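Structural features, examined
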There are 2 protein chains.
Amino acid sequence: MQTDIEIAESAKVRNITEIAAQIGLSSEDLEQYGKYIAKVPLDVLNKKGTKKGKLVLVTAVTPTPAGEGKTVTTISLIQGLAKIGKKVVGALREPSMGPTFGVKGGATGGGMSQVYPMWKIDLEFTGDIHAVSAAHNLLSAVLENNLVRDNPLNIDPSRIVWKKTMDMNARELRHIVVGLGDSKLNGGVTHESGFLITSASEISAILALSTDYADLRKRLESIVVAYTYDKKPVTAGQLGCVGSMMVILRDALMPNLVQTLEGQPVFIHGFPFANIAHGNNSVIATKAAMAFGDYAVTEAGFAADLGGEKFMDIVCRQSGIRPSAVVVVASIRALMMHGGADLKNPESFTADALAKGMANLDKHVANMKGYGMPVVVSINHFYTDDPEHIAMVRSHCKDIGAECVMSDGFLKGGEGAVELAQKVVEVLEGPKPELQFCYEDGLSVKQKIESVATKIYGADGVDYSPAAEKTIAQLVDQGYGGLPVCIAKTQYSLSDNAELKGAPKGWRLNVREVNLSAGAGFIVPVCGSIMLMPGLAKEPAALKIELTDDGKIVGLK
Amino acid sequence: MQTDIEIAESAKVRNITEIAAQIGLSSEDLEQYGKYIAKVPLDVLNKKGTKKGKLVLVTAVTPTPAGEGKTVTTISLIQGLAKIGKKVVGALREPSMGPTFGVKGGATGGGMSQVYPMWKIDLEFTGDIHAVSAAHNLLSAVLENNLVRDNPLNIDPSRIVWKKTMDMNARELRHIVVGLGDSKLNGGVTHESGFLITSASEISAILALSTDYADLRKRLESIVVAYTYDKKPVTAGQLGCVGSMMVILRDALMPNLVQTLEGQPVFIHGFPFANIAHGNNSVIATKAAMAFGDYAVTEAGFAADLGGEKFMDIVCRQSGIRPSAVVVVASIRALMMHGGADLKNPESFTADALAKGMANLDKHVANMKGYGMPVVVSINHFYTDDPEHIAMVRSHCKDIGAECVMSDGFLKGGEGAVELAQKVVEVLEGPKPELQFCYEDGLSVKQKIESVATKIYGADGVDYSPAAEKTIAQLVDQGYGGLPVCIAKTQYSLSDNAELKGAPKGWRLNVREVNLSAGAGFIVPVCGSIMLMPGLAKEPAALKIELTDDGKIVGLK
């Protein structure tokens, strides 16, 4: 069987100008990055009007470490909608190099359902993530430079909340001490600090949520970077380098256009990590997909309790975007894991495990229905799946009132998702749903956290560390209490404990710390033991990737 | 008067495909990055043959903090050679964001002598520097991951020599402690570390010195990252992630093609900072410029004692490239500074100061002649220059046997460098010079350092810190004693003390520490108080750059 990269290399793809032409963009409208990638400038997007296609959000059950095929399903749905004659445009997120060199691999789909070219998109792509890192670290460098230049803003070095960032899994940078040189001007001011992975930078969220350059500036200026000795917030605007950050981010705010292996246009813009970030693609890209397609398909990161919840409660709330249907992706393997099966032991893949694991699917489906959305369950088909198990899932979905289809995008591309596409179109022909947020703006910060914890995660309640309590009180004092919450927690459970599978009951959410993202427009409660900088696994993908002497990439997945 | 960016915005430039066509490259041969930038894949370069144009190296006197116009002169010389009907291709270095947001500004020339488009080249460009950062930091992350995964290579955490890197002036990262988490797997192993600016990363030098992917791999594998508890070197090859680093660097090894404001093709590839790095453009780009042009023009960073020396003793030694002539750029202001004038006080710009400051020019000219090169002195003309002072420099150059011309590339573009171009062509018609290295391979490490110190810098001798002594002895023991040296020292003096102007006498070079760059193929003696990570100035350029709401960049210089 061919690897993903071999399939991509032998694919018949067209120059990106031909793909752009399908949605009315000329080659003059594009900033090309090689033959198969282009950025679309914002003024071009603005000129092309705001026709409103119907938006489908693809989300998933709680995943296994390898994922359950959400991106494959999303891309196959785009390809499948085209197969049945629909004008469709995708809007996906940009992979981070962290997971690409970590365990999960890239994020460009797989098999016959990929965006092209994976070896560019999974790696440097058009440099958007690097631009976010640079803008983030410039702000940090200017802040630190203020400290050694008479500290005119009276910043307390022990209250610097703006850390540094890198798009790499580097656990040793989670907690560091900087400024150990032999004098202030030589080595900076000594204080504790650390690095986040770039996707978890507030600037990643700002880039994804901004609607234009003016909005980007306003958000960047609002970032709270530190507090003064008398505990007043210090913003990026006060540091005077937002113009330079804007210049660094200028091109990064333009969405990137690529194609699926079957030639549909897909905007790839905004970043992953819905566990530790908001983890959704950009508002600009989603709006562009809705403007250019009768159908727009987007994907939220990790399971529906993370990317799905954040799409509804943050992205839709801020942008006014409204989805018309939700696809929840599941695999029989993942459901069995939730019922107690051991992923390393095929003998544990029993009907009992499946029946029990369905609880996880049920919870995510109920959550999405709670948002007022019609739901289609898409089972990502593996050739090893037992027909009896498939029948069980179909029958179960009927019981819980969700449409259920099998999709086979990995092996068959769009052809494997025709049934899914037809079902989605059928659902979209129903009455337009009305989005119901999980919580309203007027609730307190704690009430918002508790709403998500109890309604979405299924917790009995929320416990706060003393530090979290203190920060929440301060944020409310400073007037940030009206913001929505963007909860950071493990992707491996509906709870904040990665070990609890299925739909855990009888547990409480532990809020360890709380961060403010005033520019992104949310508050980040960090739960359980989740880290904002991942580490590398024992055998990371970085050890299995090669470049041949003639420049061919091998082992990237 | 128009700013550089306004001049560039109103310039009549052509699509990069038209520029490429001038040197026989079709649009199919290119990987375009927008309309005005393209990467040229290595297989395309290999196919196009190895016709040997004559190479002119542009270097300079010891600069003022604002520089003395070396890049302006280099670009104007390219434009000037075209004006007199020559087929010319340039090969320059890629700017770093550090200086762009620091004091010096970008590095794309200025006035009517620029490479286009400065707002891309000075910032993200094609992501090459970011790729180096990513490859560097991936190697570091894999090393650190080894430490927490049973440390199979027996690495001594106190003997890790591979630090981290960022393309930003962040002095607080010079000296840090990493791995302060609450357990090994959570927070990594605690040890001292630090960040270099990316241009000073060994991988920057490796990228610039590699001739193809096989050479790149060999060099990356040879990087020494740490020592074991029993003091054996550990290489990147042993860590198993060189394939992934290659994949990250794949596109970065392809040179970038742009145009001057007057339409000549210029390859921009390889990085700046000849004070703390080797600071020359890439071997691949220089060879490409020589293959496609009858005349190739390249530039070495900072003054002739830094970029110039390293071009001759490292780049030419490793690559077999041979220049045919050297242009030494000077400005009357810079020479006056070397004679004691105060840059902030125009009244100190006297003929006496100029006469005295000429010693700096004399030393650099003599050094370049010592390499066997014919030398043309090019005075970068400022409209404030007094004709009497110009006459003094011309007369002085005659005395020291160097050709001397005025160039006026900033105000007049190629037209302002016609005299320079004619003089260079005249010199190139003379006998082909034979390059004499400053030192031969067979000398000891200390003899090599002493050769550069006494012959090029004018030192009386060299003093070594105990740490430097110890490292040199170890490197010799380990078999690295045959490598050339790439000395890091201040760019503001021929000596290792930035305060000493002119051509200082009666001083000794202080070698503070010594680093091995086994993959780049040199040893780095770090001298005086120079730092491998710059800091931001009190009023950095970062505070003066803006982006308008319609995406226009203002204040970039």
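Keep in mind that this is a model prediction, so the values were computed, not measured. (Residues numbered from 1 in each chain as written. Chains lettered and ligands numbered in written order. Predicted model: local features only at pLDDT ≥ 70, side-chain atom pairs only at ≥ 80, totals over all residues. Heavy atoms only, no water.)

1. Quick look at the overall build of chain A
Tallying secondary structure elements over chain A gives 21 helices and 24 strands in all. Relative to the compact-globule value of 24 Å for 557 residues, chain A shows a C-alpha radius of gyration of 23 Å, a close match. Principal-axis analysis of the C-alpha atoms gives chain A an extent of 70 × 60 × 50 Å. Of the contacts formed within chain A by residues at least 6 apart in sequence, a portion of 74% connects residues at least 24 apart. As displayed, chain A offers around 18,300 Å² of accessible surface, 51% of which is attributable to carbon and sulfur atoms. Averaged over its 56 positive side-chain charges, chain A has a centre that lies 3 Å from the centre of its 61 negative ones. (Helix = DSSP H or I, 4+ residues; strand = E, 2+ residues; numbered from the N terminus. Rg over C-alpha atoms; globule rule 2.2 N^0.38 Å. Contact = heavy atoms within 4.5 Å. Areas by Shrake-Rupley, 256 points an atom, 1.4 Å probe, with all protein chains shown as cover. Lys, Arg positive; Asp, Glu negative; His and termini not counted. Charge placed at Lys NZ, Arg CZ, Asp CG, Glu CD.)

2. Focus on the pairing of strand S12 (residues 224-228) of chain A
Residues and elements named next belong to chain A. Counting buried residues along S12, 5 of its 5 residues qualify, which places the element largely inside the surrounding structure. Bridge count for strand S7 (residues 155-160) against S12 is 2 bridges, and the pairing is antiparallel. Residue pairing for S12: Ile160 is matched across the bridge by Ala226. Bridge count for S12 against strand S13 (residues 233-235) is 3 bridges, and the pairing is antiparallel. From the neighbouring strand, Tyr227 faces S13, where its bridge partner is Pro233. Turn length for the S12-S13 hairpin, with the two strands adjacent in sequence and antiparallel, is 4 residues, and the turn residue Lys231 shows positive phi of about 70 degrees. (Buried < 20%, exposed > 50% of the residue type's maximum accessible area, 1.4 Å probe, protein only. Pairing = 2+ DSSP bridges.)

3. Some thoughts on the environment of Gly80(A)
Residue and element names in this part refer to chain A. Checked against the element boundaries, Gly80 lands in helix H4 (residues 70-83). Residue Gly80 is classed as buried on the basis of its relative accessible area of 0%. Between the alpha carbons of Gly80 and Leu335 there is a distance of 25 Å; along the sequence they are 255 residues apart. For Gly80, the contacting residues outside a window of four places in its chain are Gly414, Ala417 and Ala421.

4. A word on the relation of the copies chain B and chain A
Expressed as a screw operation, the relation of chain B to chain A combines 0.0 Å of axial shift with a rotation of 180 degrees, fitting to an RMSD of 0.0 Å. Here the copies are linked by what is in effect a two-fold axis. Taking the C-alpha atom as reference, chain B places Tyr33(B) closest to the rotation axis, 2.1 Å from it. Residue by residue, 99% of the interface of chain B is reproduced at the interface of chain A, so both copies engage with the same surface. (Least-squares fit on C-alpha atoms with pLDDT ≥ 70 in both.)

5. Looking at the interface of chain B and chain A
Taken together, the contacts link 80 residues of chain B with 79 residues of chain A. With both chains or domains summed, chain B and chain A bury close to 6,300 Å², and 57% of this area falls on carbon and sulfur atoms. On the chain B side of the interface with chain A, the three residues burying the most area are Arg171(B), Glu172(B) and Leu547(B), jointly 11% of the side's total. Our enumeration of links across chain B and chain A arrives at 12 salt bridges. Put simply, Lys120(B) and Asp251(A) hold a salt bridge, and the shortest N to O gap is 2.3 Å. The interface formed by chain B and chain A holds 41 residue pairs in polar contact (both at pLDDT 80 or more) in total. When residues in the side of chain B that touches chain A are grouped by element, the largest group, 11 residues, is from helix H7 (residues 128-148) of chain B. (Buried area = accessible area lost by both parts, 1.4 Å probe. Salt bridge = Lys/Arg side-chain N within 4 Å of Asp/Glu carboxyl O. Polar contact = N/O pair within 3.5 Å; in protein donor to acceptor, adjacent residues only side chain to side chain.)

6. What to know about the UniProt feature "binding site: ATP" (unreviewed entry) in chain A
Residues and elements named next belong to chain A. UniProt's feature table lists "binding site: ATP" (unreviewed entry) at Thr64, Pro65, Ala66, Gly67, Glu68, Gly69, Lys70 and Thr71, given in the numbering used throughout. Along the chain, Thr64 turns up in the loop between strand S3 (54-60) and H4. Those residues in contact with Thr64, other than ones at most four positions away along the chain, are Ala334, Met337, Leu343 and Tyr492. Mapping Gly67 onto the fold places it in the loop between S3 and H4. By relative accessible area, Gly67 is classed as partly exposed at 21%. (UniProt positions renumbered as here; feature names shortened; annotations may be inferred.)

7. Brief notes about the pairing of strand S4 (residues 88-92) of chain A
Residue and element names in this part refer to chain A. Taking burial as the measure, the 5 residues of S4 include 5 buried ones, the bulk of the element. Both faces of S4 are covered, namely the face carrying Val88, Gly90 and Leu92 and the face carrying Val89 and Ala91. Both S4 and strand S16 (residues 295-299) contribute to a ladder of 4 bridges, which runs parallel. The partner of Ala91 across the bridge, within S16, is Thr298. Looking at chain direction, S4 and strand S15 (residues 265-268) are connected through 3 bridges and run parallel. Bridge pairing links Gly90 to Val266 in S15.

8. Regarding the domain arrangement of chain A
All names here are of chain A. As far as domains go, chain A holds domain 1 (4-127 + 252-428), domain 2 (128-251) and domain 3 (445-527). Once you take the C-alpha centre of each, domain 1 and domain 3 turn out to be 26 Å apart. On the side of domain 3, 22 residues touch domain 1, which itself brings 25 residues to the contact. In total, about 1,800 Å² of surface goes out of reach between domain 1 and domain 3, with carbon and sulfur atoms giving 62% of it. On inspection of domain 1 and its partner domain 3, the count reaches 1 salt bridge. Linking Lys489 and Asp305 is a salt bridge whose minimum nitrogen-to-oxygen distance equals 2.8 Å. Our enumeration of links across domain 1 and domain 3 arrives at 10 residue pairs in polar contact (both at pLDDT 80 or more). Contributing elements (two or more residues each) for the side of domain 1 that touches domain 3: helix H14 (304-319), helix H15 (332-338) and helix H16 (351-370). Looking at which element gives the most residues to the side of domain 1 that touches domain 3, the answer is H14, with 8 residues. (Domains from an automatic or database assignment.)

9. Regarding a positive patch on the surface
A cluster of basic side chains, namely Lys52(A), Lys54(A), Lys287(A), Arg322(A) and Lys432(A), defines a positive patch on the protein surface. Among the structural elements, Lys287(A) can be located in helix H13 (residues 283-292). (Patch = residues over 30% accessible without salt bridge, like charges linked within 9 Å, V, L, I, M, F, W, Y side chains within 5 Å.)

10. A look at the sheet that holds strand S21 (residues 508-517) of chain A
All names here are of chain A. With respect to topology, 3 strands assemble into an open sheet ordered S20-S21-S22, the strand pairing being mixed. Across the chains shown, the open sheet's two edge strands, defined by having one partner strand only, are strand S20 (461-464) and strand S22 (522-527). Each strand axis lies, on average, 50 degrees off the axis of its neighbour in the sheet, ignoring direction. Pairing geometry for S20 and S21, over 4 bridges, is parallel. (Axes fitted to C-alpha atoms, helices over the stretch in contact; angles between N-to-C directions.)

11. What to know about the sheet that holds S13(A)
Either a parallel or an antiparallel arrangement is found when strands of a sheet pair, and the pairing is made through backbone hydrogen bonds. Residues and elements named next belong to chain A. What the 3 strands build is an open sheet, ordered S7-S12-S13; its pairing is antiparallel. Pairing within the sheet leaves two strands with one partner each, and these edge strands are S7 and S13. Put simply, the sheet's adjacent strands are angled 50 degrees from each other on average, direction ignored.

12. Comments concerning the pattern of salt bridges
The tally for this structure, following the rule as stated, stands at 50 salt bridges over all chains. The salt bridge partner of Glu31(A) is Lys35(B), with a shortest N-O separation of 3.5 Å. Of this pair, Glu31(A) sits in strand S1 (residues 31-32) while Lys35(B) is found in the loop between strand S1 (31-32) and strand S2 (38-39), placing the two residues in two different chains. Taking the relative accessible area as the measure of exposure, Glu31(A) reaches 25% and is therefore partly exposed.

13. What about the packing of helix H14 (residues 304-319) of chain B against helix H20 (residues 445-457) of chain B?
Two packed helices can be described by the angle between their axes and the distance between those axes. Residue and element names in this part refer to chain B. Packing of H14 against H20 leaves a shortest axis separation of 11 Å and a crossing angle of 125 degrees. Considered as vectors, H14 and H20 are oriented oblique to each other. Here H14 and H20 pass one another in a crossing that is right-handed. Contacts between H14 and H20 involve Asp305, Leu306 and Glu309 on the former and, on the latter, Val452, Ile456 and Tyr457. For the contact of H14 with H20, the per-class residue count stands at 4 nonpolar, no polar and 2 charged. (Parallel < 35°, antiparallel > 145°, perpendicular 65-115°, else oblique. Left-handed = near helix turned anticlockwise from the far one by under 90°. Nonpolar A, V, L, I, M, F, W, Y, C, P; charged D, E, K, R; others polar.)

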